[in-house]
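# Structural overview
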There are 2 protein chains.
Amino acid sequence: MNDGGKGAEPAARSKRADARRNEETLLDAAASVFVASGVEAPVRDIAAKAGVGVGTIYRHFPTRADLIIAVYRHQVEACAEAGPALLESSETPYAALTQWIDLFVDFLVTKHGLAAVLQSDNSGFDTLHSYFIDRLQPVGTQLLEAAAAAGEIRPGLEAYELMRGVGNLCIGADHDPRYDARRLVALLIAGLRQPR
Amino acid sequence: MNDGGKGAEPAARSKRADARRNEETLLDAAASVFVASGVEAPVRDIAAKAGVGVGTIYRHFPTRADLIIAVYRHQVEACAEAGPALLESSETPYAALTQWIDLFVDFLVTKHGLAAVLQSDNSGFDTLHSYFIDRLQPVGTQLLEAAAAAGEIRPGLEAYELMRGVGNLCIGADHDPRYDARRLVALLIAGLRQPR
DNA sequence: AAAGATACGGAACGTCGTTCCGCTTGGCAA
DNA sequence: TTGCCAAGCGGAACGACGTTCCGTATCTTT
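Definitions and cut-offs
Residues numbered from 1 in each chain as written. Chains lettered and ligands numbered in written order. Predicted model: local features only at pLDDT ≥ 70, side-chain atom pairs only at ≥ 80, totals over all residues. Heavy atoms only, no water. Helix = DSSP H or I, 4+ residues; strand = E, 2+ residues; numbered from the N terminus. Buried < 20%, exposed > 50% of the residue type's maximum accessible area, 1.4 Å probe, protein only. Contact = heavy atoms within 4.5 Å. Expected span 1.5 Å × (residues − 1). Domains from an automatic or database assignment. Buried area = accessible area lost by both parts, 1.4 Å probe. Near = heavy atom within 4 Å. Polar contact = N/O pair within 3.5 Å; in protein donor to acceptor, adjacent residues only side chain to side chain. Nonpolar A, V, L, I, M, F, W, Y, C, P; charged D, E, K, R; others polar. Least-squares fit on C-alpha atoms with pLDDT ≥ 70 in both. 1 Å grid on protein atoms, 1.4 Å probe; cavity = no way out; pocket = protein on both sides within 12 Å on 5 of 7 lines; lining within 4 Å. Points joined across faces, edges and corners; volume = space filled by probe spheres on them. Salt bridge = Lys/Arg side-chain N within 4 Å of Asp/Glu carboxyl O.

We now examine the environment of A:Ala190. With respect to the helices and strands, A:Ala190 occurs in helix H9 (residues 181–192). The exposure class assigned to A:Ala190 is partly exposed, which follows from its relative accessible area of 28%. Residues A:Ala190 and A:Ile153, 37 residues apart in the sequence, show an inter-C-alpha distance of 9.1 Å. Those residues within four positions of A:Ala190 in sequence are excluded, and the remaining contacts are A:Tyr94, B:Arg154 and B:Gly191.

Structure below.
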């Protein structure tokens with residue numbers, strides 16, 4: 001119950017100094033490549049940008065998905081923590097829910113291809129999917145239940161389903177000006193309202 | 001303005017008999033492999049199932065996407081034609097719209113991975129995307145405009161956006177019992193209703 | 001300074017979609 | 001019927017991908 005360190009935090013103590021440095025470099029390089037070419041950018045591109053060999057990437061991140069998780073961990077964390085905060089600061093649970101979803105959508109839409117890879121059934125990316133679900137679903141459940149308890153939305157929708165739906169709607173939202181994920185997500189949430 | 005034949009219909013006249021036979025075999029094999037392993041099944045699997053070499057596939061279908069189009073062309077056609085029919089047979093345009101969307105969703109959800117590949121930004125699949133849009137968007141527009149004219153839905157949503165949204169919601173709807181695309185699509189359409 | 005552990009680079013592997021090319025075969029003219 | 005040749009075929013080969021492997025280089029400890 002001490003360090004844990006089951007994954008992608010920058011660096012647990014007791015690694016070689018150069019290794020720690022490389023991990024940092026790698027995260028920066030990955031982040032910048034993701035911005036430039038999307039999350040689906042080839043591993044070799046990231047290695048090149050960081051000036052290391054591909055083997056080095058895999059030493060630090062067992063799979064591409066783990067690298068992606070590591071890059072976005074802080075933002076996912078922030079999104080998760082924003083949930084309860086919104087619930088306190090908002091007029092009604094429904095307002096908190098919509099704002100939280102907006103946050104989530106903003107996050108997804110600004111990361112090229114992240115939403116797509118999130119739902120990809122390609123083996124390997126299920127750990128990415130799981131990470132997002134594990135971290136965000138409880139928050140979604142809390143908001144949904146609060147809004148349902150307040151009678152603002154029709155009950156019976158699982159947070160899992162909502163989050164996947166929202167995630168799906170964000171796919172391809174970049175590189176297509178004719179498609180505005182935000183508008184559709186807004187419709188979806190509007191459909192949740194209690195017809196009262 | 002005579003035959004046209006720009007593509008994937010079973011066989012234009014004046015091809016060798018064995019070629020025509022192979023094309024048929026290929027379509028059957030592809031259809032059955034798609035059912036068994038999804039649309040993303042490797043080309044080699046389809047070739048094997050059909051008992052031909054991969055070269056033969058590419059002689060008949062310039063790209064994987066064209067093969068997929070050819071396999072599903074009839075069903076897409078049927079869906080497109082169902083639009084105006086529903087508009088006539090239904091009580092209201094909104095009812096026609098929801099039923100048509102149901103048809104579309106049923107189609108997508110029962111074809112493993114088709115929805116995913118439809119939105120994939122992998123090069124080559126844009127022709128698949130285009131085909132669906134070209135064929136179905138006008139129908140969607142007609143239904144949307146009818147419903148809007150009847151004052152049943154809030155106006156201002158483009159058919160393109162709706163269809164992409166619905167398509168996106170169908171991604172991964174198979175192989176995940178916790179995710180029911182139909183429910184979410186229903187919410188989306190419910191959100192379209194005029195708040196009146 | 002030497003040894004051992006740790007990390008590195010990048011060649012190599014298996015899979016994918018797609019292309020290429022030497023061989024086979026169906027259809028036609030003689 | 002025979003022979004010719006365009007049309008068609010099979011599958012090796014290519015380039016890109018994610019991932020693995022291992023000989024070498026570097027850090028750290030004594």
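We now examine unusual backbone geometry. Located in the positive-phi region is A:His175, a residue other than glycine, with phi close to 40°. Relative to the helices and strands, A:His175 is located in the loop between helix H8 (159–169) and H9.

It is worth spelling out helix H5 (residues 93–109) of chain A at this point. An α-helical turn contains 3.6 residues, so any two residues separated by three or four positions project in the same direction. Residues and elements named next belong to chain A. Under the 1.5 Å per step criterion, the end-to-end length of H5 is 24 Å for 17 residues, consistent within 8% with the ideal 24 Å. Within the span of H5, buried status applies to Pro93, Tyr94, Ala96, Leu97, Trp100, Ile101, Phe104, Val105, Phe107, Leu108 and Val109. Looking at the buried residues of H5, the elements they touch are helix H4 (64–89), helix H6 (114–119), helix H7 (126–149), H8 and H9.

Residue and element names in this part refer to chain A. Splitting chain A by domain gives domain 1 (17–60) and domain 2 (72–192). Here the C-alpha centre of domain 2 lies 28 Å away from the C-alpha centre of domain 1. Taken together, the five residues of domain 1 in the interface contact six residues of domain 2. Interface area, domain 1 with domain 2, both sides summed: about 420 Å², of which 63% is carbon and sulfur.

Bringing the protein's contact with DNA strand C into the picture now. The environment of DNA strand C is formed by 25 residues, the closest being A:Arg16, A:Asn22, A:Gly55, A:Thr56 and B:Thr63. Near-protein atoms of DNA strand C (within 4 Å) split between backbone and bases, with sugar and phosphate holding 60%. Contacts to DNA strand C include A:His60, whose side-chain N or O atom sits 3.2 Å from a phosphate oxygen. In this structure, a base nitrogen belonging to DNA strand C sits 2.8 Å away from a side-chain N or O atom of B:Arg44. Of all the secondary-structure elements, those providing two or more residues to the surface near DNA strand C are helix H1 (17–37) and helix H3 (54–60) of chain A together with helix H1 (17–37), helix H2 (43–50) and helix H3 (54–60) of chain B. Looking at the surface near DNA strand C element by element, the count peaks at five residues for H3(A). Residues belonging to the surface near DNA strand C are distributed by class as follows: nine nonpolar, seven polar and nine charged.

Attention shifts here to the relation of the copies chain B and chain A. With an axial shift of 0.0 Å and an RMSD of 0.1 Å, the rotation relating chain B to chain A amounts to 180°. Taken together, the turn and the small shift mark the pair as related by a two-fold rotation axis. Distance from the rotation axis, computed per C-alpha, reaches its smallest value in chain B at B:Gly191: 1.8 Å. A shared binding surface is used by both copies, with 100% of the interface residues of chain B retained as interface residues in chain A.

Before going further, it helps to spend a moment on empty space enclosed by the protein. The full count for this structure, using the stated rule, is two cavities of 30 Å³ or more. Its boundaries defined by the atoms lining it, the largest cavity holds a volume of some 90 Å³. Those elements that provide at least two residues to the lining of the largest cavity are helix H6 (114–119), helix H7 (126–149) and helix H8 (159–169) of chain B. Considering each element in turn, the lining of the largest cavity owes the most residues, five residues, to H7(B). Broken down by class, the residue content of the lining of the largest cavity amounts to six nonpolar, four polar and one charged. Contributing to the lining of the second largest cavity are A:Phe104, A:Leu118, A:Gln119, A:His129, A:Phe132, A:Ile133, A:Leu136, A:Met163 and A:Arg164. Mapped onto the lining of the second largest cavity, the elements with two or more residues apiece are H6, H7 and H8 of chain A. For the lining of the second largest cavity, the element with the highest residue contribution is H7(A), accounting for four residues.

The next thing to look at is the interface of chain B and chain A. Opposite the 26 residues of chain B that make contact, chain A presents 26 residues. Viewed at the interface, chain A and chain B are joined by four salt bridges. When the shortest N-O distance is used, the salt bridge between B:Arg164 and A:Asp176 registers 2.9 Å. Counting only elements with at least two residues in the side of chain B that touches chain A, the list comes to H8 and helix H9 (181–192) of chain B. With seven residues, the top contributor of residues to the side of chain B that touches chain A is H9(B). Grouping the constituent residues of the side of chain B that touches chain A by class yields 10 nonpolar, seven polar and nine charged.

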